[in-house]
Amino acid sequence: MNKQQAWYKQFWPWFLIILPMCAVIASFTTLKIAMDNSDSLVAEEYYKKGKAINMDLSKIQYARQIGMQFLVSVKDGAITLEQHGGPAYDAALNTNFYHPTLAERDFAGMVTQDAAKLYRITPSQPISGFWEVRIESFDGKWRLQKRLELTEGIEHWLN
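The structure displayed is predicted, hence computed values, not measured ones.

Thoughts on the pattern of salt bridges
- The full count for this structure, using the stated rule, is 5 salt bridges.
- Put simply, D36 and K32 hold a salt bridge, and the shortest N to O gap is 2.7 Å. With D36 and K32 both in helix α1 (residues 11-36) and 4 residues apart, this pair spans about one turn of that helix.
- Its relative accessible area of 52% is what places K32 among the exposed residues.
- With its nearest N and O atoms 2.8 Å apart, the salt bridge here joins D114 to R120.
- The class for D114 is partly exposed, based on a relative accessible area of 29%.
- For R120, a relative accessible area of 45% puts it in the partly exposed group.

Side note on the UniProt feature "transmembrane region" (unreviewed entry) in the protein
- UniProt annotation of "transmembrane region" (unreviewed entry) refers to residues 12-31 when read in the numbering used here.
- Annotated as residues 12-31, this span is 100% helix and 0% strand, and its ends, taken at the C-alpha atoms, are 30 Å apart.

Criteria and thresholds
Residues numbered from 1 in each chain as written. Predicted model: local features only at pLDDT ≥ 70, side-chain atom pairs only at ≥ 80, totals over all residues. Heavy atoms only, no water. Salt bridge = Lys/Arg side-chain N within 4 Å of Asp/Glu carboxyl O. Helix = DSSP H or I, 4+ residues; strand = E, 2+ residues; numbered from the N terminus. Buried < 20%, exposed > 50% of the residue type's maximum accessible area, 1.4 Å probe, protein only. UniProt positions renumbered as here; feature names shortened; annotations may be inferred.

As structure tokens, then:
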């Protein structure tokens with residue numbers, strides 16, 4: 001007579017246990033990936049930032065009223081800003097360059113004019129693709145911002 005094996009020595013119980021166990025392990029792995037790679041574009045203080053946007057709009061409107069215009073170009077890896085409109089502005093500029101998806105590529109700084117009346121910025125990494133470009137007067141009275149596709153040899157108007 002054949003003696004029946006214990007359940008843990010048979011194939012089918014283990015097969016039926018392993019399938020749901022794989023699903024549980026996969027769900028925990030997916031949860032860990034989601035927790036480690038959170039979206040950096042979502043602001044935690046969205047209400048305060050929304051209120052600040054309204055104040056920023058008045059700076060942008062003032063820049064348009066006085067006719068501020070800058071020509072933005074990339075040449076040999078350096079970004080050049082040249083004023084073409086509005087009252088002559090010789091003071092420093094606060095500049096911010098925001099990458100649309102990678103927050104670690106963002107950079108900002110204060111730049112001054114050189115002898116040729118140009119503002120030059122040399123980023124630490126090669127710059128190409130879409131960027132949110134924001135320039136603001138040193139005293140914070142006006143601001144210009146625009147989304148630009150910065151490419152070597154192409155010029156864009158920031159107004």
